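# Descriptive structure summary
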Amino acid sequence: MQLSIDLKTKDIISLISQMSLHELEKVKNSLIERELYFKEFKKDNIENIMDDFKKEDYSKDFLTDLEEGLKKSSIYK
């Protein structure tokens, strides 16, 4: 079973502030084990992404739509 909830940053900080040092240590260790600590997103250039998809023999229409979508995406603006 999987449970999903939406939490705001202020709610997370409020919960963290109520934790004991031992509990905080457990959370820290879990984050490190799962490699959830702060990593900077490293985006690849669109040409490299398109080359990878072209190697997989996708249709030209799909590749055109993909490239246009990537160029319009917030991550590349």
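Above this text you will find the structure in question.
Residues numbered from 1 in each chain as written. Predicted model: local features only at pLDDT ≥ 70, side-chain atom pairs only at ≥ 80, totals over all residues. Heavy atoms only, no water.

### Topic: the pattern of salt bridges
Basically, it comes down to this: For this analysis, a salt bridge means a side-chain nitrogen from Lys or Arg found within 4 Å of a carboxyl oxygen belonging to Asp or Glu. Per the convention used, a helix needs a DSSP run of H or I reaching at least four residues, while a strand needs a run of E reaching at least two, with both numbered from the N terminus.
A complete count under the given rule lists 2 salt bridges for this structure. In this structure, Lys28 and Glu25 form a salt bridge, with 2.9 Å as the shortest nitrogen-oxygen distance. With Lys28 and Glu25 both in helix H2 (residues 21–33), this residue pair falls 3 residues apart, about one helical turn.

### Thoughts on unusual backbone geometry
Our working definition: Note on classification: 1.4 Å probe, protein chains only; a residue is buried when its accessible area is under 20% of the maximum for its type, exposed when over 50%, partly exposed between these limits.
At Asp57, a residue that is not glycine, the phi angle is positive and equals roughly 65 degrees. With respect to the secondary-structure elements, Asp57 resides in the loop between helix H3 (46–55) and helix H4 (60–72). For Asp57, a relative accessible area of 69% corresponds to the exposed category.

### Comments concerning the packing of H3 against H4
Helix-helix packing is described using two parameters, namely the angle between the two axes and the distance between the axes. Going by this rule: Only the contacting stretch of a helix is used when fitting its axis, a line to C-alpha atoms as for every element, and angles between N-to-C directions run 0 to 180 degrees. Oblique is the label for every angle not falling under 35 degrees (roughly parallel), over 145 degrees (roughly antiparallel), or within 65 to 115 degrees (roughly perpendicular). Crossings are classed by handedness, with left-handed meaning an anticlockwise turn of the near helix from the far one by less than a right angle and right-handed meaning a clockwise turn. Should any heavy atoms of two residues lie within 4.5 Å, those residues are considered in contact.
As a packed pair, H3 and H4 sit with axes 11 Å apart at the nearest point and diverge in direction by 160 degrees. As the angle between them shows, H3 and H4 are arranged roughly antiparallel. Between H3 and H4 the crossing geometry is right-handed. Facing H3, whose interface residues are Ile46, Ile49, Met50, Phe53 and Lys54, H4 presents Phe62, Leu63, Leu66, Glu67, Leu70 and Lys71.

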